[in-house]
Amino acid sequence: MATTFAAASTVVGLGSSLSSKRTCLSSDFVRPVMVRSPLRQGQASGGRFTCMSFQSDWLRRDLNVIGFGLIGWLVPSSVPAIDGKSLTGLFFDSIGAELAHFPTPPALTSQFWLWLICWHLGLFITLTFGQIGFKGRADKYF
């Protein structure tokens with residue numbers, strides 16, 4: 001019984017080189033597409049591919065965002081809220097303390113790393129929201 005079953009059936013893909021019969025699968029989700037050579041497509045458009053919906057100046061850099069974002073972070077981070085000291089002051093003081101023994105790097109247990117991460121994380125979040133706000137206002141989203 002097992003030998004009859006194995007002889008009567010072929011595995012699709014393994015026996016395709018022996019037979020000239022091709023199987024074409026079709027579905028409502030998959031439509032046959034004419035495959036073109038990418039080299040011929042490039043020659044049809046002059047060798048240059050363009051996308052009309054993508055702006056070439058996608059970053060849309062604005063120096064106002066950097067300036068107002070930096071001021072917008074320096075002002076709140078300079079408020080003395082941590083034991084009478086500001087985050088900016090603590091960060092700059094830790095820089096001075098670490099530069100006092102310059103050739104040696106800061107220890108992993110140094111407060112410098114905490115202030116460095118907190119200060120820069122706040123700066124980058126402020127700059128990101130500033131970019132969203134400036135460009136959203138310019139594009140009249142709000």
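Residues numbered from 1 in each chain as written. Predicted model: local features only at pLDDT ≥ 70, side-chain atom pairs only at ≥ 80, totals over all residues. Heavy atoms only, no water.

> I keep staring at a nonpolar patch on the surface and nothing clicks. Help me out?
Nonpolar side chains collect at one region of the surface, where Ile117, Leu121, Ile125, Phe129, Ile132, Tyr141 and Phe142 lie side by side and expose about 840 Å² of accessible area between them. Looking at where Ile132 falls in the secondary structure, it is placed in helix α5 (residues 111-138). (Patch = residues over 30% accessible without salt bridge, like charges linked within 9 Å, V, L, I, M, F, W, Y side chains within 5 Å. Areas by Shrake-Rupley, 256 points an atom, 1.4 Å probe, with all protein chains shown as cover. Salt bridge = Lys/Arg side-chain N within 4 Å of Asp/Glu carboxyl O. Helix = DSSP H or I, 4+ residues; strand = E, 2+ residues; numbered from the N terminus.)

> I would appreciate a short explanation of the packing of helix α3 (residues 63-77) against α5 in the present structure.
Helix-helix packing is described using two parameters, namely the angle between the two axes and the distance between the axes. At a minimum axis separation of 9 Å, α3 and α5 run at an interaxial angle of 135°. Overall, the two elements α3 and α5 adopt an arrangement that is oblique. Between α3 and α5 the crossing geometry is right-handed. Each of Asn64, Val65, Ile66, Phe68, Gly69, Leu70, Gly72, Trp73, Leu74 and Ser77 in α3 lies in contact with α5, whose residues at this interface are Cys118, Trp119, Gly122, Leu123, Thr126, Leu127, Gly130, Gln131 and Phe134. (Axes fitted to C-alpha atoms, helices over the stretch in contact; angles between N-to-C directions. Parallel < 35°, antiparallel > 145°, perpendicular 65-115°, else oblique. Left-handed = near helix turned anticlockwise from the far one by under 90°. Contact = heavy atoms within 4.5 Å.)

> Explain the nonpolar core here, please?
Considering soluble globular proteins, one finds that nonpolar side chains tend to be buried as a cluster. Core analysis: the largest hydrophobic core is formed by eight residues, namely Trp73, Leu87, Leu90, Phe91, Phe112, Trp115, Trp119 and Leu123. The element best represented in this core is α5, accounting for four residues. In contact with Leu90, not counting residues within four places along its chain, are Ile82, Lys85 and Trp115. (Core = buried A, V, L, I, M, F, W, Y, C linked by side-chain atoms within 4.5 Å. Buried < 20%, exposed > 50% of the residue type's maximum accessible area, 1.4 Å probe, protein only.)

> Could you clarify how one ought to interpret the packing of aromatic side chains in this entry?
The description of an aromatic ring pair rests on the distance of the ring centres and on the angle between the ring planes. Counted under the stated rule, the structure contains six aromatic pairs. An angle of 20° between the planes, with centres 6.1 Å apart, marks the rings of Phe68 and Phe134 as stacked. A residue pair is termed long-range when its members are at least 10 positions apart, and Phe68 in helix α3 and Phe134 in helix α5 qualify at 66 residues. Phe134 sits in the partly exposed class, given a relative accessible area of 32%. Ring centres of Phe91 and Trp119 lie 5.5 Å apart, and the angle between their planes is 20°; on these two criteria the pair is classed as stacked. Taken together, the residues span a long stretch of sequence, with Phe91 in helix α4 (residues 87-99) and Trp119 in helix α5 at a distance of 28 residues. Linked through ring pairs, Phe91, Phe92, Phe112, Trp113 and Trp119 together constitute an aromatic cluster. (Phe/Tyr/Trp six-rings, centres within 6.5 Å; stacked < 30°, edge-to-face > 60°.)

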